[in-house]
Amino acid sequence: MVAVVSLPAVAWQTQPSPRSVGEERFAQAAEITFQKGAQAKLPPHLSTLLGLSKEIECSFMQGVVRTGSQVQGFSVSVTNKRDIVLFVVDEKANDQSLYLTSPEGSLRRVVAVKAGVGDTVRITDKEREAFEKEKEFWVDRLVPPGAAK
């Protein structure tokens, strides 16, 4: 006589954690930008500093908002939708901050351009706070509370 024991296969498999509402809204904002944004190019030097290419221009779908001399942007890579760049440009000072992220909304890299010269910046609490502010701006604009699927 043979006894067969059947154990549920899922008992030891890890399940992905569900996205928070904020993560879901950010992913939706990225998809909206990818589907409805304007075609744009990220210059080779910025693509390189962000770690997206080696001195090659990258294509993005982009949303942009101008308020006086400040320009804010939300860009989703055409070749890899997991590469998302949020940016803020101060045209008077000729300064820019660029934040590389993903649909989950985790900060991967920061690039600062001061007086036209760009460099990768170590991520500190100050950069995280500025990044979260930009994420919130775009999520509230593109996926208002209550509009999340």
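On a predicted model such as this, the values are computed, not experimentally measured, just so you know. (Residues numbered from 1 in each chain as written. Predicted model: local features only at pLDDT ≥ 70, side-chain atom pairs only at ≥ 80, totals over all residues. Heavy atoms only, no water.)

Tell me about the sheet that holds strand 3 (residues 70–77), residues and numbers included.
Strands sit in the order 1-2-3-4-5-6-7 across an open sheet of 7 strands; the sheet is antiparallel. Edge positions in the sheet fall to strand 1 (38–42) and strand 7 (117–121), since each of these pairs with one other strand and no more. Each adjacent strand pair in this sheet contributes to an overall mean axis angle of 30°, direction not counted. As paired elements, strand 1 and strand 2 (residues 58–67) share 5 bridges and run antiparallel to each other. Across the sheet, Gln 39 pairs through a bridge with Met 61, a residue of strand 2. In the packing of helix 3 (residues 125–142) onto the sheet, the strands contacted are strand 2, strand 3, strand 4 (84–90), strand 5 (95–101), strand 6 (109–114) and strand 7, and the crossing angle to strand 4 comes to about 105°. (Pairing = 2+ DSSP bridges. Helix = DSSP H or I, 4+ residues; strand = E, 2+ residues; numbered from the N terminus. Axes fitted to C-alpha atoms, helices over the stretch in contact; angles between N-to-C directions. Contact = heavy atoms within 4.5 Å.)

Break down the nonpolar core for me, citing the residues and quoting the values.
Counting residues in each nonpolar core, the largest one holds 15 residues, and the members touching the most others are Phe 26, Phe 74, Ile 84, Leu 86 and Tyr 99. Among the secondary structure elements, those contributing two or more residues to this core are helix 1 (21–36), strand 3, strand 4 and helix 3. Once residues within four sequence positions are removed from consideration, Phe 74 is found in contact with Phe 26, Ala 29, Ala 30, Thr 33, Met 61, Gln 62, Gly 63, Ile 84, Val 85, Leu 86, Phe 87 and Trp 138. In this structure, Leu 46, Phe 60, Val 85 and Val 89 belong to the second largest nonpolar core, which totals 13 residues. (Core = buried A, V, L, I, M, F, W, Y, C linked by side-chain atoms within 4.5 Å. Buried < 20%, exposed > 50% of the residue type's maximum accessible area, 1.4 Å probe, protein only.)

The values are spatial; any link to function lies outside them.
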